[in-house]
Amino acid sequence: MIMNEKIKASEVQLTGIHGEDLGVVATSEALALAKKLKVDLVCTSLMSSPPPCKLIGAGAAKQEAQQARKKENKESRVKEIRLTPHIEDHDLDTKKQQAERILNSGDSVLLVVKIQGKEGTRAKELLELLIKELAPDGRPLTKIQLSGKQAAVQIDPL
């Protein structure tokens, strides 16, 4: 990510702080505007001419770049949480909190409910409830999969 004075192009396609299109502007003007607003000028791509640049709040650009690097470096792991269809409410809350912690750390969660006999519908209801409650932290990668002895769903972090 190229920022501020490191941008070598003579003119840039500028986007404002709130996403408004400011058109093609001389790089010196864009830098002056960035200094005036106390924000950073960030070049988003070098593949076009003039290169697209945007104004981002001071420090936010560095934080955004750091998060992107962190995401690239960390490969997501899948951690399994096992449940039973007749789980108590308190135990279910504990499992939900455990899943939230895993999702917030950037890993995926595989929720597995072991079933016997006619417990399939109860297992599916339990997984649907957990998907709904974990929605702020992650989204399901697959639909609920019912097989002979278990029901499972994988939830990826947002």
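All values reported here derive from a predicted model rather than from experimental measurement.

Draft legend 1. Broad picture of the state of the cysteines. In the structure shown here, the tally under the stated rule is zero disulfides. In this model C43 remains outside any disulfide bridge; the closest cysteine sulfur is found in C53, 3.9 Å from its own.

Draft legend 2. Main features of a negative patch on the surface. Residues E88, D89, D91 and D93 make up a contiguous surface patch of negative charge. Taking the relative accessible area as the measure of exposure, D89 reaches 61% and is therefore exposed.

Draft legend 3. Main features of the pairing of strand β6 (residues 78-83). Judged from the six bridges that link them, β6 and strand β7 (residues 108-114) form a sheet pairing that is parallel. Directly across from V78, in β7, lies its bridge partner S108. One crossover worth recording links β6 to the parallel β7 by way of helix α3 (residues 89-104), and it is right-handed.

Draft legend 4. Structural context of the side chain of Q154. Take Q154: it is sitting in strand β10 (residues 150-157). Polar contacts involving the side chain of Q154 include one to the side chain of D156, which spans 3.2 Å. Sequence-distant contacts of Q154, that is, excluding residues within four places in its chain, are made with V78, S108, V109, L110, R139, P140, L141 and T142.

Draft legend 5. Spatial organisation of the pattern of salt bridges. This model, assessed by the stated rule, comprises five salt bridges. For the salt bridge of K79 with D107, the shortest nitrogen-to-oxygen distance reads 3.7 Å. In this pair, K79 sits in strand β6 while D107 sits in the loop between α3 and β7, placing the two residues 28 residues apart along the sequence. What makes K79 partly exposed here is its relative accessible area of 32%. We classify D107 as buried; its relative accessible area is 2%. Across the pair E133 and K96 runs a salt bridge whose closest N-O atoms are separated by 3.7 Å. Of the two residues, E133 is situated in helix α4 (residues 120-133) and K96 in helix α3; the sequence distance between them amounts to 37 residues. One salt-bridge network, in which partners are shared between bridges, spans R77, K79 and D107.

Draft legend 6. Just the environment of L141, in detail. As for its position among the elements, L141 is in the loop between β8 (138-140) and β9 (145-146). Along the primary structure L141 and L110 are separated by 31 residues, whereas in three dimensions their C-alpha atoms are 9.7 Å apart.

Draft legend 7. Representation of α3. The terminal C-alpha atoms of α3, which comprises 16 residues, lie 22 Å apart, in line with the 22 Å expected from a rise of 1.5 Å per residue. Those residues of α3 that are buried are in contact with β6, β7, α4, β8 and β10. Just beyond α3, the residue with positive phi is G106, at close to 100 degrees.

Draft legend 8. Spotlight on the packing of α3 against α4. Interhelical geometry of α3 versus α4 gives an angle of 50 degrees and a closest axis separation of 11 Å. The angle between the axes of α3 and α4 places the two elements in the oblique class. Between α3 and α4 lies a crossing whose hand is right-handed. Counting all contacts with α3, which are made through L92, K96 and E100, the residues of α4 involved are L126, L129, L130 and E133. A per-class count over the contact of α3 with α4 returns four nonpolar, no polar and three charged.

Parameters and conventions
Residues numbered from 1 in each chain as written. Predicted model: local features only at pLDDT ≥ 70, side-chain atom pairs only at ≥ 80, totals over all residues. Heavy atoms only, no water. Disulfide = S-S within 2.5 Å. Patch = residues over 30% accessible without salt bridge, like charges linked within 9 Å, V, L, I, M, F, W, Y side chains within 5 Å. Areas by Shrake-Rupley, 256 points an atom, 1.4 Å probe, with all protein chains shown as cover. Salt bridge = Lys/Arg side-chain N within 4 Å of Asp/Glu carboxyl O. Lys, Arg positive; Asp, Glu negative; His and termini not counted. Charge placed at Lys NZ, Arg CZ, Asp CG, Glu CD. Buried < 20%, exposed > 50% of the residue type's maximum accessible area, 1.4 Å probe, protein only. Pairing = 2+ DSSP bridges. Helix = DSSP H or I, 4+ residues; strand = E, 2+ residues; numbered from the N terminus. Right-handed = clockwise from strand over helix to strand, strands pointing away. Polar contact = N/O pair within 3.5 Å; in protein donor to acceptor, adjacent residues only side chain to side chain. Contact = heavy atoms within 4.5 Å. Expected span 1.5 Å × (residues − 1). Axes fitted to C-alpha atoms, helices over the stretch in contact; angles between N-to-C directions. Parallel < 35°, antiparallel > 145°, perpendicular 65-115°, else oblique. Left-handed = near helix turned anticlockwise from the far one by under 90°. Nonpolar A, V, L, I, M, F, W, Y, C, P; charged D, E, K, R; others polar.

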